[in-house]
Amino acid sequence: MTILRFCPGHFFLTGCLGMIGLMLSGCSDKDSPAPAPDLGSGKSYAGSNLELYYNGEQMAGKSAMVKVASGEATMTFDSSFDLSMLTGMGLTGELPAPGVTPGDAVITLTSAAHEGDGAYDVAGSADTDYVTFNYTGSIGADKMTFAITDARLKNQALAGNVFAPAPIVKQGVADYTSLPFHLVWELDPAAGIDLPLSEVLKVLATAPVIPVYEGTAYTSVAQAFVSLVKTIALTESGNVPVMYVSTLGGAAHIATTCGNMMQYVPTQSGLRLYLNPLQVVSEALLALSDNKDDAKFDFATLLKKSPAGRAAATAGDGAEGATDPALTRAMIGVLLKALAPQIAGGVPLTVEPTAAGADIYFDTATSVTFLATLLQEAMKSPEIMAAVQQALGGVEIPGVRSEQLAGILQQLPQYLIKTTKLEIGLQLVKVPAADQSKSAL
């Protein structure tokens, strides 16, 4: 007779060996970490292949070139805007745009590249002439994820200010003691031109020419700005978030732009403003989305009222829904040409402290250059000039007879040559810290 003896130690050892065998037999190559990609020759990342964040907010429209050699990653970031993304405008080419950190069109970072699962992991800290920051990232064959954190401007002179548009206060027929815009235009007295150009600018800003409520009422550029924009903040990271009224989705509510849509760095006379073209266009499209129940600023109706727009409707292109594509393309093209030289390097703005807050505006040199380019291109377009005259047809300008208006528009380039002072910008009031949270309600 065979006697079976139970040996706990033997059973335990056998069980352990069996479990190890099962675990080893269950493993396969698919569970092993994938090798990091070969980036020795360099690879570019952009669009959906680049997921980029700046202080927690996603940043669009940038590109990166990465090269990994001898365990070190070299990463160069820059940006450009593909004009063909403005569908229906007939625009092509690349527009240089600001980089990923305020003040820097291009930055190059180097970091140890640690091989992970199918990607390289990078991390480090860096500083440029304008900002300090930390970063982490993962660089794969088909996608790069990169986050800039703890970004902080080296110059904090303007950081922490929160502004709101100055109110519209009117005394008399055309005497404004307060406006949301800073508007000054003076000519050389020796030129012998007796025109109140500063007042002309104010009248243009306050003229009720923008249709609202599907063309049943009209408002001015100044009133639209005061109604829409609630606060403009200058943060320590260099971001400029704007709190505004949005009617996207139906009911009016407070929204905030992506912080890095606009960024700034302080300068000796004020600041330089950096605009992300892709994000600006995206925000504009959202702001102009169709909301039938709210006071949407109906630029389409304004365009339809132009002579070219009426001609299109008369020709049978849809009387009610017709807009003037030529006018739309011309206006966007003119603005892009006027802004293009300033976008990548930042728009220089003067910051002038006031008792209530600050005026932030283009200085004379910048204003003259910008307005000269704008007028030069606009005057090449019959659609634009016709639309401007149409909009101003019923506006009364102190000291200017209605029959003089067409001549004044044609003479504006000559007036710029004789300009001694031209300042165009914003008049802002400071929002006390105790009231900043209330603006979101």
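See the structure above.
Conventions used here
- Residues numbered from 1 in each chain as written.
- Predicted model: local features only at pLDDT ≥ 70, side-chain atom pairs only at ≥ 80, totals over all residues.
- Heavy atoms only, no water.
- Salt bridge = Lys/Arg side-chain N within 4 Å of Asp/Glu carboxyl O.
- Helix = DSSP H or I, 4+ residues; strand = E, 2+ residues; numbered from the N terminus.
- Pairing = 2+ DSSP bridges.
- Phe/Tyr/Trp six-rings, centres within 6.5 Å; stacked < 30°, edge-to-face > 60°.
- Buried < 20%, exposed > 50% of the residue type's maximum accessible area, 1.4 Å probe, protein only.
- Lys NZ or Arg CZ within 6 Å of the ring centre and 35° of its normal.
- 1 Å grid on protein atoms, 1.4 Å probe; cavity = no way out; pocket = protein on both sides within 12 Å on 5 of 7 lines; lining within 4 Å.
- Points joined across faces, edges and corners; volume = space filled by probe spheres on them.
- Nonpolar A, V, L, I, M, F, W, Y, C, P; charged D, E, K, R; others polar.

A. Region of the structure containing the pattern of salt bridges. Within the structure shown, the criterion is met by four salt bridges. Ionic pairing is found between Asp 127 and Lys 154, a salt bridge with its closest N-O pair at 3.0 Å. With Asp 127 in strand β9 (residues 119-127) and Lys 154 in the loop between β11 (144-153) and β12 (161-165), the pair connects residues that are 27 residues apart, well separated along the chain. The salt bridge involving Glu 236 is made with Arg 152; its shortest N-O contact spans 2.8 Å. Here Glu 236, found in the loop between β18 (229-234) and β19 (242-246), pairs with Arg 152, found in strand β11; they are 84 residues apart in sequence, far enough to count as distant.

B. View of the sheet that holds strand β3 (residues 57-58). Reading across from one edge, β3-β2-β11-β10-β9-β8 is the order of the six strands in this open sheet, with mixed pairing throughout. Only two strands of the sheet have a single neighbouring strand rather than two, namely β3 and β8 (114-115). Of the strand pairs in this sheet, strand β10 (residues 131-140) and β11 are connected by eight bridges, and their pairing is antiparallel. Opposite Thr 136, over in β11, you have Ala 147 as the bridge partner.

C. Fine view of the packing of aromatic side chains. If you walk through the whole model with that rule in mind, you get four aromatic pairs. Centroid distance Phe 133 to Tyr 135: 6.4 Å. Interplanar angle 50 degrees. Geometry classified as tilted. Classification of Phe 133 by relative accessible area gives buried; the value is 3%. Overall, the relative accessible area of 3% leaves Tyr 135 in the buried class. Here Tyr 135 and Phe 146 contribute two aromatic rings whose centre-to-centre distance is 5.4 Å and whose plane-to-plane angle is 20 degrees, an arrangement assigned as stacked. Of this pair, Tyr 135 sits in strand β10 while Phe 146 sits in strand β11, and the two are 11 residues apart along the sequence. Ring pairing ties together the aromatic residues Phe 77, Phe 133, Tyr 135 and Phe 146, which thus form one cluster. Above the face of the Tyr 45 ring, Lys 43 is positioned so that its terminal group lies 5.8 Å from the ring centre.

D. Geometry of the layout of surface pockets. In this structure, the second largest pocket occupies an estimated 270 Å³ of space. What lines the second largest pocket is a set of 16 residues, among which Ala 46, Gly 47, Gly 61, Lys 62 and Leu 278 lie closest to the centre. Examining the composition of the lining of the second largest pocket, we find that four residues originate from one element, strand β5 (residues 72-82), more than from any other. Of the residues contributing to the lining of the second largest pocket, the split by class is seven nonpolar, six polar and three charged.

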